[in-house]
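Analysis of the macromolecular model
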Amino acid sequence: MPRVLITGKVPSSVVRRLEAHCEVDMYLGDGPIPKAELLARVAGAHGLLSLITEQIDAEVMAAGTDLRVIANVAVGYNNVDVAAARTRGITVTNTPDVLTEATADFTWALLLAVTRRLGEGERLVRSGGWTRWALDFMLGMELRGKQLGIVGYGRIGKAVAVRGRAFGMRIAYTSRTPQLLADAEAMSVDQVLATSDVVSLHVPLTPETTHLIGKTALTKMKRSAYLVNTTRGPVVDEAALVWALEQHLIAGAALDVYEREPEVHPGLLPFENVVLAPHLGSATVETRTAMADLAARNALAVLAGEPALTPVP
Ligand code: NAP
Ligand code: GLV
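Before going into details, it helps to say that this report is about the structure given with it.

Thresholds, definitions, all that
- Residues numbered from 1 in each chain as written.
- Chains lettered and ligands numbered in written order.
- Predicted model: local features only at pLDDT ≥ 70, side-chain atom pairs only at ≥ 80, totals over all residues.
- Heavy atoms only, no water.
- Helix = DSSP H or I, 4+ residues; strand = E, 2+ residues; numbered from the N terminus.
- Rg over C-alpha atoms; globule rule 2.2 N^0.38 Å.
- Buried < 20%, exposed > 50% of the residue type's maximum accessible area, 1.4 Å probe, protein only.
- Pairing = 2+ DSSP bridges.
- Right-handed = clockwise from strand over helix to strand, strands pointing away.
- Contact = heavy atoms within 4.5 Å.

Along the backbone of the chain there are 11 helices and 12 strands. At 21 Å, the chain has a C-alpha radius of gyration in line with the 20 Å of a compact globule built from 313 residues. Viewed in the frame of its principal axes, the chain has a C-alpha envelope of about 70 × 50 × 30 Å. In the chain, which comprises 313 residues, the share counted as buried stands at 50%.

This paragraph deals with the pairing of strand β3 (residues 47-50). One face of the sheet, then the other: side chains in a regular strand alternate in exactly this way. Along β3, one buried face is formed by G47 and L49 and the opposite face, lined by L48 and S50, is buried too. Across three bridges, strand β1 (residues 3-6) lies against β3 in parallel orientation. For V4, the partnering residue across the bridge sits in β3 and is G47. Note that β3 and strand β4 (residues 69-72) share four bridges and pair parallel. Paired with L48 across the strands is I70, a residue of β4. Taken together, β3, helix α3 (residues 58-63) and β4 form a β-α-β motif whose crossover is right-handed.

Looking now at the environment of V302. Of note, V302 is situated in helix α11 (residues 285-303). Taking the relative accessible area as the measure of exposure, V302 reaches 11% and is therefore buried. Spatially, the C-alpha atom of V302 lies 7.6 Å from that of T91, the residues being 211 residues apart in sequence. Apart from residues no more than four positions distant in its own chain, V302 is found in contact with R68, V69, T91 and A308.

Tracing the backbone through its elements, the reader meets N298 in helix α11. Setting aside its immediate chain neighbours within four residues, N298 contacts V69, A71, T93, N94, A308, L309 and T310.

As judged from the four bridges shared by β1 and strand β2 (residues 23-26), these two strands associate in the parallel manner. Each residue of the ladder has a partner; that of R3, found in β2, is E23.

Residue P262 is bonded to the preceding E261 through a cis peptide linkage, with omega at 5°. Among the structural elements, P262 can be located in the loop between β11 (252-255) and β12 (274-276). For R117, which is not a glycine, the phi torsion comes out positive at approximately 60°. Looking at the secondary structure, you find R117 in the loop between α5 (100-115) and α6 (118-126). Residues other than glycine seldom take positive phi values, yet H211 does so here, at roughly 55°. With respect to the helices, strands and loops of the structure, H211 is situated in the loop between β9 (198-201) and α9 (215-220).

Structure (structure tokens):
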């Protein structure tokens, strides 16, 4: 039987699916598996189910000389050295589609929270600081008729746009591949930044998208606009974001992801107009189960000599 290492806890139904065909070794410790333990346990494994908290680099692959598949339990796979895997003939897979709707929903939860000042209001109520209703009290920004700018018009970007239309927003988007769409306007990143009332980031983390949103980009945004990031932390230069908030260059920001998770830039914490979530984009019972299950099916397919269901491009 092939051996599969799972780097963190996954639902028991997924373990059972793998156990029907493989010997399963699942790391049960709290937090991410320590690197030394990962290196020791990957030795002799034919398949690896990895979580985004692990860097699956050339060192891990060198230790896992029998590895045939790395099935990342995420759609983003910036934590896997895909080039190193290709060199070794290891298939890398991810979990697209199954998390699109949950992540788009959560992007909207953040978008609404920041534009309608939900975090700020909740903190006020809990602290006992709310004293009265007033006509001009804690006013937010209406979304109807405003422009939602989507940077990275892929699966999640498009699902976020669908929700935007339901809220009466105009959709602008960036794409490197020309698309003829009647219900959304293609723009350069600079145009999206300059004209949108809400900018939502959905590009994958790559060398080109690292710090895509830095001082220069933030300076281009409208002072009344909000930034939402549910993709990967390093797409935004957090120090530059703190600077832009201090200078009142944007109206607010909502973040699910951070440059050095689980650390958050301390400069972000005092801002009432910043909403901070702990990387919850895909975090529903249904979606996380579907992600782990898809990763398991990918691993089983490759170990059976069949094509992976969702290999990374
Ligand atoms: P996707 O369908 O591949 O969409 C990403 C889009 O970004 C692509 O359509 C692509 O469009 C564009 N893009 C790709 N590389 C680019 C580059 N170098 N520069 C500019 N644009 C680029 O992926 P998805 O399923 O929507 O997922 C997007 C990301 O969301 C994932 O990579 C992951 O990091 C993040 N995510 C986060 C959570 C969370 O929990 N917060 C959950 C799920 C996913 P063009 O080629 O047309 O430019
Ligand atoms: C989560 O962050 C994912 O990329 O699936």
